[in-house]
Amino acid sequence: MQRNIFGLDYKIIKRIFLTIVCLSLSYFIFTNNMAICHDTSFHMYRIQGVVNALQDGQFLPKIYPYANNGFGYATPLFYCDVFVYPFAILFYLGVQLVVSYKIMRCFYICFSVFSIFYTTEKIFENKKIAPYIATLLYTYCNYHLYDVYLRDAFGEYLALAFIPMIVLSIYKVLEKKENSWILMGVSFSALLCSHLLSFAITCIIFLMYII
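First, a word on scope: everything that follows refers to the structure included in this document.

What counts, and at which threshold
- Residues numbered from 1 in each chain as written.
- Predicted model: local features only at pLDDT ≥ 70, side-chain atom pairs only at ≥ 80, totals over all residues.
- Heavy atoms only, no water.
- Helix = DSSP H or I, 4+ residues; strand = E, 2+ residues; numbered from the N terminus.
- Buried < 20%, exposed > 50% of the residue type's maximum accessible area, 1.4 Å probe, protein only.
- Polar contact = N/O pair within 3.5 Å; in protein donor to acceptor, adjacent residues only side chain to side chain.
- Contact = heavy atoms within 4.5 Å.
- Axes fitted to C-alpha atoms, helices over the stretch in contact; angles between N-to-C directions.
- Parallel < 35°, antiparallel > 145°, perpendicular 65-115°, else oblique.
- Left-handed = near helix turned anticlockwise from the far one by under 90°.
- Nonpolar A, V, L, I, M, F, W, Y, C, P; charged D, E, K, R; others polar.

1. Observations regarding the side chain of serine 26
Link 1 in the chain: Mapped onto the elements of the fold, serine 26 is located in the loop between helix H1 (10-25) and helix H2 (40-55).
Link 2 in the chain: In this structure serine 26 comes out as buried when scored by relative accessible area, which is 2%.
Link 3 in the chain: Reaching out from serine 26, the side chain makes a polar contact with the backbone oxygen of cysteine 22 at a distance of 2.6 Å.
Link 4 in the chain: When sequence neighbours within four positions are dropped, the list of residues in contact with serine 26 reads Cys106, Cys110 and Tyr149.

Next up, the structure:
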């Protein structure tokens, strides 16, 4: 059995660490209040827009016809709603809109924590401390915290959850010569459905790395 600090098994330490980090970043889910950040109302209405579309018999709509006092808004042309649907369904089933949105934020924030930890754990296989340092630096960096707690830029911090998986797929394909094209395709596709600008920047960096 592999042991680490205080005689605890490595897997136990990993689970405790990930739990603490996730709880510290998603504390808002345990509060009764909802902090309104720069883009909170915009992304909350995306859930409402999906539900309205489902009620009208539309799936993956391109325009929210009831937005902006009935003038409509083509939000889905710029922000794909694929990752919003599970939580829109919660709202559709009767869960309050604020609660559905808080659960969505919490889920993807925690996903980014697991994503960066898993990526660095696979890349630095012989350096057990590397995933812990990378996770702390990645999730508590100013940009990520600014996106989550001030701007509430859902598309951007959702993209940050998939970028580590892209890095892992590139490392496996180009450095380890492994057949990880499925992981690369899925992770790039998920990034495309998260945030278009992040996708474009990542593609440019990937091209520069290849060159």
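2. Section: the environment of proline 76
Link 1 in the chain: Here proline 76 is to be found in the loop between helix H3 (67-70) and helix H4 (85-92).
Link 2 in the chain: A residue is classified by how much of its surface remains accessible, and proline 76, at 11% relative accessible area, is buried.
Link 3 in the chain: A C-alpha to C-alpha distance of 5.1 Å links proline 76 and lysine 62, two positions 14 residues apart in sequence.
Link 4 in the chain: Dropping the residues within four chain positions of it, proline 76 is found in contact with Pro61, Lys62, Ile63, Tyr64 and Asp81.

3. Remarks on helix H6 (residues 130-139)
Link 1 in the chain: Taken residue by residue, H6 has Ala130, Pro131, Tyr132, Ala134, Thr135 and Thr139 as its buried positions.
Link 2 in the chain: At its buried positions, H6 is contacted by H1, helix H5 (97-123) and helix H7 (142-151).

4. Some details on the packing of helix H8 (residues 154-175) against helix H10 (residues 196-210)
Link 1 in the chain: Their axes nearest at 12 Å, the elements H8 and H10 cross at an angle of 20°. Relative to H10, the element H8 lies roughly parallel. When you trace H8 past H10, the crossing you get is right-handed. Where H8 approaches H10, its residues Ala159, Ile163, Ile166, Ile170, Leu174 and Glu175 are matched on the opposing element by Ser198, Thr202, Phe206, Tyr209 and Ile210.
Link 2 in the chain: By residue class, the composition of the contact of H8 with H10 is 8 nonpolar, 2 polar and 1 charged.

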